[in-house]
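The residues making up each chain are set out below.
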Amino acid sequence: MKRQLVIISLLTIASQLAAFAKLWFTARILGVGPEMDGYNLSIVFPTMIAGVAAGVLQTGLFPVRAKLNVAASVSDVLAFERSVLLGMAVLGGAVSLLLVITSPIMVDALAASASASVRSSLAFAYPFAAALVMLNFVGDSCGYLLAMRDRFAIAAAAPVANGVLGAFLLAAWPEGGLFNLVVGTVLGLTLQVCICFWGLKLTGFTFFGDLPVWKNTKESWQEMLSLGGWILPGVVVSNLVVSLPPLWAVQYGEGAVSAFGYAYRLHSAALQLLVIACSTLILARFSDLIARNDTVAVRAILIKATFFSAAIGIFYASAVWVAGTASLEWLFSGRFDGDAAARVSFHWLLLSIGLPFFMLGNVFAKLFQAQRKPMMMSVLAISSLCVLYLAYLLLSPQLEEFSIAMAITLASFFSLLIGFLVLRYSKFTKS
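All of the points below concern the structure found in this document. Everything numeric in this text was worked out from a predicted model, so none of it was measured. (Residues numbered from 1 in each chain as written. Predicted model: local features only at pLDDT ≥ 70, side-chain atom pairs only at ≥ 80, totals over all residues. Heavy atoms only, no water.)

1. So, the nonpolar core
A general trend in soluble globular proteins is that nonpolar side chains are found buried together.
And then number 1: In this structure, Leu61, Leu328 and Phe336 are the most contacted members of the largest nonpolar core, which totals 98 residues.
And then number 2: If one sorts the elements of this core by residue count, helix 6 (residues 116-148) sits on top with 16 residues.
And then number 3: If near-sequence neighbours (up to four positions away) are discounted, Leu328 is found in contact with Leu266, Ser333, Phe336, Ala341, Val344, Ser345 and Trp348.
And then number 4: Among the nonpolar cores identified, the runner-up in size contains 17 residues, and Leu289, Leu302, Phe368 and Met376 belong to it. (Core = buried A, V, L, I, M, F, W, Y, C linked by side-chain atoms within 4.5 Å. Buried < 20%, exposed > 50% of the residue type's maximum accessible area, 1.4 Å probe, protein only. Helix = DSSP H or I, 4+ residues; strand = E, 2+ residues; numbered from the N terminus. Contact = heavy atoms within 4.5 Å.)

Printed below as a string of structure tokens:
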């Protein structure tokens, strides 16, 4: 487990470095303006759809495939896996086609209060972004199948190639601008999917072969959907929390969406490195301690996590406050001028204040998972969405576009507070 964690952590770091390289070229070439606003808006809806589908599929696929692996033959398991890949490819293709057909309607809905230049950029980028749905559906399916074959490192390494290709295209043809960015995004994800295909092929997976009989296919998919349905509300709400802020930023003029987008990407990179990489180990540790009813050790981990999150959060926010603007202007330069650096840095600072709440909240979430309380995940997600919306309504008249970042921080704090109160007064704590 520890060896796998080290490998995944290193690959996560490599993936973030590749993504930062692409972000660096993007900021220098496009800066903060209508083109980046249109690009960021174009990926909101496709990303949300892909995120919801990935959450439902992950919840249902793993237990169903594990049961088949024990009870059925190897050929039956392979046939089931082919049906999953085929089903997700067909479903993803249908959704992508629907998004392309309805693109005029979606452009009007996403950029109702945007300027003409932002709407033009969005209208250009949106059909390309629609293809990301199908690619994500297939890529996520391949990644899960690789994980179940103990080849998760291949799936974790594929995003590195994605980021490198996108950065290379921007560096080789900066004059391509928005077209180069959207095409690079599609081609990068295509390369990522191809690497996952190659990884599956190395494990002995055969893409062309028999499919399960209709009765077995229907039973397996019904079981997957019934299992995934329990987590659907929480997944939808969690994706709404991520998708709404860019849409709110549209009304604050050109550059507001892209300024928030840059800050959120920088903040997300810190979360990936500090939180996501260690989530698997934390969940495994909590699961073991809960099974042995070792509440003393669980409490000790929570105390350590609290101090660690607070220390990292204070250092991180202080660094952004002191050196955020100067470092961004020095790193990106090009079309990313001093005004853009100051604008992005303030968004980043407000988001960085919430880092310790995100970190500790993730630890609480893993504890609830170990306690087999999936409903708590939905409760936390819904509470986060409610606080996010209320905080934005209350703060927007004073802080305008910066109220979005502040609302995200407040939502993470209150979500953590609810988790703490539930844990504080639960039977587990009293025991």
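Next comes the rest of the account.
2. A word on the packing of helix 13 (residues 338-353) against helix 16 (residues 403-424)
And then number 1: Taken N-terminus to C-terminus, the directions of helix 13 and helix 16 make an angle of 10 degrees; their axes are 8 Å apart at the nearest point. With respect to helix 16, the element helix 13 is oriented roughly parallel. Along the contact surface, helix 13 presents His347, Leu350, Leu351 and Ile353, while helix 16 presents Ala405, Met406, Ile408 and Thr409.
And then number 2: A breakdown of the residues in the contact of helix 13 with helix 16 according to their chemical character gives 6 nonpolar, 2 polar and no charged. (Axes fitted to C-alpha atoms, helices over the stretch in contact; angles between N-to-C directions. Parallel < 35°, antiparallel > 145°, perpendicular 65-115°, else oblique. Nonpolar A, V, L, I, M, F, W, Y, C, P; charged D, E, K, R; others polar.)

3. As for the packing of aromatic side chains
Centre distance and the angle of the planes are the two values used to describe a pair of aromatic rings.
And then number 1: Considering all chains together, one arrives at 18 aromatic pairs under this definition.
And then number 2: Ring geometry for Phe128 versus Phe179: centroids 6.2 Å apart, planes at 85 degrees, classification edge-to-face. Residue Phe128 is located in helix 6, and its partner Phe179 is located in helix 8 (residues 177-202); the two are separated by 51 residues in the primary sequence.
And then number 3: Among the residues examined, Phe128 registers a relative accessible area of 28% and is labelled partly exposed. (Phe/Tyr/Trp six-rings, centres within 6.5 Å; stacked < 30°, edge-to-face > 60°.)

4. Digging into the side chain of His347
And then number 1: Checked against the element boundaries, His347 lands in helix 13.
And then number 2: When its relative accessible area of 1% is taken as the criterion, His347 is described as buried.
And then number 3: In this structure His347 touches Ala259, Phe260, Ala263, Glu401, Phe402 and Ala405, once residues within four positions along its chain are discounted.

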